[in-house]
2 protein chains.
Amino acid sequence: MYENEIRTWLKDSRTKAVQLLQKLVQEPSRRGQEGSAQAIVVEKCRQLGLEIDLWEIGDEQLRNHPHFYCDRKDFKGNPNLVAIKRGTGSGKSIILNGHIDVVPEGDHSAWQDEPYSGRLMDGKVFGRGTTDMKGGNVSLLLAIEAIVESGIQLKGDVIFQSVIEEESGGAGTLAAVMRGYKADGAIIPEPTNMKLFPLQQGSMWFRLIVTGKSAHGGTRYEGVSAIDKAVVVMKEIKQLEQVRNEPLRHSLYKNVPIPVPINIGSLTSGNWPSSVPDTAVLEGRFGIAPTETMEEAQMSLIQLIEAMNERDEWFKEKPIILEWFGARWLPGSLETNHPLMKTIGTYYEKVRGKEPVVEASPWATDGGYLSTVGSTPVVVFGPGETKLAHDANEYIEVDKMMQAAEIIALTIIDWCEAEQN
Amino acid sequence: MYENEIRTWLKDSRTKAVQLLQKLVQEPSRRGQEGSAQAIVVEKCRQLGLEIDLWEIGDEQLRNHPHFYCDRKDFKGNPNLVAIKRGTGSGKSIILNGHIDVVPEGDHSAWQDEPYSGRLMDGKVFGRGTTDMKGGNVSLLLAIEAIVESGIQLKGDVIFQSVIEEESGGAGTLAAVMRGYKADGAIIPEPTNMKLFPLQQGSMWFRLIVTGKSAHGGTRYEGVSAIDKAVVVMKEIKQLEQVRNEPLRHSLYKNVPIPVPINIGSLTSGNWPSSVPDTAVLEGRFGIAPTETMEEAQMSLIQLIEAMNERDEWFKEKPIILEWFGARWLPGSLETNHPLMKTIGTYYEKVRGKEPVVEASPWATDGGYLSTVGSTPVVVFGPGETKLAHDANEYIEVDKMMQAAEIIALTIIDWCEAEQN
């Protein structure tokens, strides 16, 4: 039931859907600049007749939460949004969660086009945030609009969330959970490339400070290059990554080359071409398996660094310093036979004519907060290209965005239960 | 003759000498902030009755010189100084050249004391610039003062130079040469640890831009880490360094572990812990042998990078970019049996009771400009500790500073010839 209405409405709305995505992409909602993109979402929700809860996060209660890992000082002007299509009662509720923040666009010269162009070409919309995850957010808004425009009344609440801070640790979703938003299920349309991810990797940011010994570059043999020592550290970290991933090469991770990677995101060392650099700072992301705790994961890196500081003659004298800073994302997991998985799976098959691929996510999502802190079962499923997230020339296929909208709309109608007219 | 007068005057002036050095060190004369330290030198020269030529460098003529390699926009408020003790005529002239600029102090935590303390402890003065090369500059000023105070009149001119910009390529000395200051010989008291350096290594700064491919850290296998690719480049550069140094393991370089090093001074890559870095920028110093031209030296790095860009599948697609930027220092060389070498050698033996060690310098000096552009024979000889240059906890031994002053004073008297009273 309603399948034809939904499909027809979506087919007719493709052009408007692309325009909405383009408008969202053209607002570069990097951290601290989410406000203008968020305003577009708020106006859309208002047009849909949703109850709007728009607030600036960052109160004392949030900051004191044991899972608040955020280093951002100021949230002013960049609010969180929850918009609710209230049900008539007695149905199951659902959270539809997407983040509005995007990561920096990186080196502009790697982009074939302006990074925030939103250009439509060959059925794809290009730009930072298309795949991660404004395209997914548009799928959510389309799903709700399709239901509203089809005149379908639901029993359960549909709780749409457009949150800030996902890319920096999820303080936006944590704030929403703490504001009381929980549900019987949640869908997060992060870029899964149309796969279903019941398991999500967690992650933490770490910093390593490696000390060398300065000297004039002409007598570099009198110094110890902090860059050279950082290379040694990075080599050991690659080995740790291998050891940590060995036990995960099974089941839901079987198609993932490195299930829980350790990524070195930046290396900064030295400030004078003619001097041997005396300090190197490495910052990175430490992947956490859905099967382990944050503390177990941390311990494996702590032990590696301690071992290096004991074994290496130089590090014995100048120990490597390990810090955990900034963002952390809790891992999440849901049984693969959970009713929400089944419901999405059913409509996936109807819309796409094949069984969905079920995998574990290569990255953390806000699902960790929804499930761990908010006790809400989470499936991550979205139209974006996994491999394009955070990359230059990021794009999303419009077809997939529309199909995801259809699958999600039908899932909502089933999950929240339509009132019979 | 005059040996006793000079020795006695210096012995009595030790405390004042240390105080002058401390005052100089306490003015952090990093690039662009040389003015206040220079002011102390100017006042000292005025007290010594020298002819003072104080000017701001940077005119069109200088900027158009084929060996002007400076990226500094503004020299305002930080003048060059030449101060002359005019001879009575017919004697040989001598340039005494020292630079007033110091390199940045680096990581403060590596210093046991405040980097610009000038603290005297166990016969050493500590602080950035003590060894490189304000201690040497004090030796020059002491030598001149000893001669003046001993009432010695010379036939040849003594041309004292306190220049800026040595650490960034030598534009200060080039400006002095272009202003007409040439002589029959020159002494530069860079930190040779009391050795004589008739040969000086040249050097050039280079920048390598290495491109990777960005991706989300959770799927880092979809990207190519610019840091990983930079590590590959650094490894090849170490091999090139080995190849370049093999033919130099002889004669004056026999005690130098790496005669002409290639130093990687900085590596900057990435700006987000959860992203694979897409660009890495390496900056470094390329040592040039006294036996080769700048162009020959450049060619060896150019060829390496071209070969990597052809051989490596990734670099074929995203070539490494090589740039030569900022500072360059010309190499310099003088015959080991040049009269100036012999004269310094003679007084070295008298003062220190042993033969001087003659070596090739591990770094470039302003001697390249004096000899190549100014046709002035140069010996580099100074009291600083070679290995402490640019390092934390830099110091100079006061004994060596005083001995260098004595050797230089006697060399000047001999070289420029004292008028008989």
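Predicted model only: the values in this text are computed from it and were never measured. (Residues numbered from 1 in each chain as written. Chains lettered and ligands numbered in written order. Predicted model: local features only at pLDDT ≥ 70, side-chain atom pairs only at ≥ 80, totals over all residues. Heavy atoms only, no water.)

This paragraph deals with the pattern of salt bridges. Residues and elements named next belong to chain A. The full count for this structure, using the stated rule, is 58 salt bridges over all chains. Put simply, E51 and R86 hold a salt bridge, and the shortest N to O gap is 2.7 Å. With E51 in strand β1 (residues 51-55) and R86 in the loop between β2 (80-85) and β3 (94-99), this pair connects stretches of sequence that are 35 residues apart. According to the relative accessible area criterion, E51 is partly exposed, its value standing at 38%. For R86, a relative accessible area of 43% corresponds to the partly exposed category. A salt bridge links R207 to E323, with the shortest nitrogen-to-oxygen separation between them at 2.8 Å. One end of the pair, R207, is in strand β9 (residues 202-211); the other, E323, is in strand β12 (residues 321-329), with 116 residues separating them in the sequence. Judged by relative accessible area, which is 29%, E323 ranks as partly exposed. One continuous salt-bridge network, built from bridges that share partners, spans R31, E34, D71, R72 and E165. (Salt bridge = Lys/Arg side-chain N within 4 Å of Asp/Glu carboxyl O. Helix = DSSP H or I, 4+ residues; strand = E, 2+ residues; numbered from the N terminus. Buried < 20%, exposed > 50% of the residue type's maximum accessible area, 1.4 Å probe, protein only.)

Residue and element names in this part refer to chain A. Under the domain assignment used here, chain A contains domain 1 (3-200 + 331-416) and domain 2 (202-329). For domain 1 and domain 2, the distance between their C-alpha centroids amounts to 33 Å. On the domain 2 side, the residues contacting the 24 residues of domain 1 number 18 residues. Between domain 1 and domain 2 the total buried area reaches about 1,600 Å² when both faces are included, carbon and sulfur atoms providing 63% of it. Taken together, the links from domain 1 to domain 2 amount to three residue pairs in polar contact (both at pLDDT 80 or more). When residues of the side of domain 1 that touches domain 2 are traced back to their parent elements, those giving at least two are β8 (196-200), β13 (332-333) and β14 (358-361). Among the elements that make up the side of domain 1 that touches domain 2, the one with the highest residue count is β14 (four residues). (Domains from an automatic or database assignment. Contact = heavy atoms within 4.5 Å. Buried area = accessible area lost by both parts, 1.4 Å probe. Polar contact = N/O pair within 3.5 Å; in protein donor to acceptor, adjacent residues only side chain to side chain.)

Before going further, it helps to spend a moment on the pairing of β3 of chain A. Residue and element names in this part refer to chain A. With respect to burial, β3 is a largely interior element, six of its six residues being buried. Residue alternation in β3 divides its side chains into two sets, I94, L96 and G98 and I95, N97 and H99, and both sets are buried. Across six bridges, β3 lies against strand β6 (residues 158-163) in parallel orientation. Within the sheet, the bridge partner assigned to L96 lies in β6 and is F160. Pairing analysis gives two bridges linking β3 to strand β7 (residues 186-188), with the strands arranged parallel. Note on β7: the bridge partner recorded for L96 is I187. (Pairing = 2+ DSSP bridges.)

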